[in-house]
Amino acid sequence: MQTSAPADAVRAWQREGLLFEDALTGGTWDRLIAEAKALRGEASESGFTNTAAHRDGSFCTPSRYLSVKGGPMLTAVSRDTELLALVREATALPRLIPVRCGYNYYRPGDYMGLHRDSVKATITVTFALSEGLPPMGWAPDLADTGGDDLAALVQREGCFPDGFAEREVPFCQLSAFDGYNIPHWRPLVTGPEQAGVLGTFCFFNL
Ligand SMILES: [Fe+2]
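A brief report on the enclosed structure follows. In this text, all values refer to a predicted model and were calculated from it rather than measured experimentally. (Residues numbered from 1 in each chain as written. Predicted model: local features only at pLDDT ≥ 70, side-chain atom pairs only at ≥ 80, totals over all residues. Heavy atoms only, no water.)

A few points about the overall build of the protein chain
Point 1. Scanning the protein chain from N- to C-terminus turns up 5 helices and 13 strands.
Point 2. In terms of overall dimensions, the protein chain is globule-like: its C-alpha atoms have a radius of gyration of 17 Å, near the 17 Å expected for 206 residues.
Point 3. Each principal axis of the C-alpha atoms in the protein chain carries an extent, and together these give about 50 × 40 × 30 Å.
Point 4. Among the 206 residues that make up the protein chain, the fraction classed as buried is 50%.
Point 5. Considering only contacts within the protein chain whose residues lie at least 6 apart along the sequence, 85% involve residues at least 24 apart.
Point 6. Within the structure as shown, the protein chain displays about 10,300 Å² of accessible surface, and the carbon and sulfur contribution to it stands at 52%.
Point 7. A distance of 7 Å separates the average location of the 18 positive side-chain charges in the protein chain from that of its 25 negative side-chain charges. (Helix = DSSP H or I, 4+ residues; strand = E, 2+ residues; numbered from the N terminus. Rg over C-alpha atoms; globule rule 2.2 N^0.38 Å. Buried < 20%, exposed > 50% of the residue type's maximum accessible area, 1.4 Å probe, protein only. Contact = heavy atoms within 4.5 Å. Areas by Shrake-Rupley, 256 points an atom, 1.4 Å probe, with all protein chains shown as cover. Lys, Arg positive; Asp, Glu negative; His and termini not counted. Charge placed at Lys NZ, Arg CZ, Asp CG, Glu CD.)

Next comes the structure, spelled out in structure tokens:
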């Protein structure tokens, strides 16, 4: 007999996100921090200058930060078969596959306005590789909100709307959420103490 556990699991992670504590070893984190440092010189200015709903369902508002594609270490982590099994089990999505990875560098003055990730981000995994990175804003309550209504919200309240939850991006811990549906943002980095490095990779449900 089929139980309701998978459906419950899906509802829980979609609303609350997931934390994969201790999924990676300390040595792996050290190597990721080193790789992010080494690749910083190759990072380029990223971000959008406009507010737009895209054909794949994603949504963007202005943003400013540096980013670079992940190197061999981050690529290997994102393709790790044990981690993939863990994520598939936690989300009850057995057809997830890793699709992309990278590092984002936030300097004073950088930000990422409210957006939804591309259709390939069924699961967005994110983690801080420096200490002191402030939490991101996110709005699980707006997961079903259409692009036009999101645009109206941004027009009214700007790219960092008030009244929504914050989500920690923990230092050296894998945090994951429904990046394609849940609008999220990173407020303006106001000073050097808030600047930092963030890693990310995505899983797409085939
Ligand atoms: Fe995002």
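Quick word on helix α5 (residues 147–157)
Point 1. Taken residue by residue, α5 has Leu-150, Leu-153 and Val-154 as its buried positions. An end-on view of α5 places all buried positions within 95° of arc, on one side of the element. Seen from the buried face of α5, the exposed residues on the opposite side, beyond 90 degrees, are Asp-148, Asp-149, Gln-155 and Arg-156.
Point 2. At its buried positions, α5 is contacted by β4 (59–60) and β7 (111–115).
Point 3. Where α5 ends, the next residue or the one after it, Gly-158, has phi of about 90°, a positive value. (Arc of directions from axis to C-beta.)

Some words on the coordination of the iron ion
Point 1. Protein ligation of the iron ion involves His-115 (NE2), Asp-117 (OD) and His-184 (NE2), the donor distances falling in the range 2.1 to 2.2 Å.
Point 2. Of note, the iron ion draws all its donor residues from one chain, in the sequence arrangement H-x1-D-x66-H. Both residues of the pair, His-115 and Asp-117, count as buried. (Donors = N, O, S within 2.8 Å, 3.2 Å for Na, K, Ca; no water.)

Describing helix α2 (residues 26–39)
Point 1. Helix length check: α2 (14 residues) gives 20 Å between terminal C-alpha atoms against 20 Å at 1.5 Å per residue, within 8%.
Point 2. Restricting attention to buried positions, one finds in α2 the residues Thr-28, Trp-29, Leu-32, Ile-33, Glu-35, Ala-36 and Leu-39. Buried residues of α2, viewed axially, fall in a sector of 165°; they line one side. Exposed residues pointing more than 90 degrees away from the buried face of α2 are listed as Asp-30, Lys-37 and Ala-38. (Expected span 1.5 Å × (residues − 1).)

Quick look at the pairing of strand β11 (residues 174–177)
Consecutive side chains along a regular strand alternate between the two faces of the sheet.
Point 1. Across the two faces of β11 the burial is the same, with Leu-174 and Ala-176 and Ser-175 and Phe-177 all buried.
Point 2. Alignment of strand β8 (residues 123–128) against β11, held across 3 bridges, turns out to be antiparallel. Considered in β11, the bridge of Thr-124 is made with Phe-177. (Pairing = 2+ DSSP bridges.)

Concerning unusual backbone geometry
The general pattern is negative phi for most residues beyond glycine and trans for most peptide bonds.
Point 1. Positive phi is not limited to glycine here, since Ala-92 has a value of about 60°.
Point 2. With respect to the secondary-structure elements, Ala-92 resides in the loop between α4 (81–91) and β6 (96–106).
Point 3. Positive phi is not limited to glycine here, since Cys-172 has a value of about 55°.

So, the pairing of strand β13 (residues 196–205)
Point 1. The element β13 is largely enclosed, with a buried count of 8 among its 10 residues.
Point 2. By the bridge criterion, 10 bridges tie β6 to β13 in an arrangement that is antiparallel. Its bridge partner lying in β13, Cys-101 is registered against Phe-201.
Point 3. The sheet contact formed by β8 and β13 spans 6 bridges and is antiparallel. By the bridge assignment, Thr-126 is partnered in β13 with Thr-200.

These figures come from the coordinates and say nothing about function on their own.
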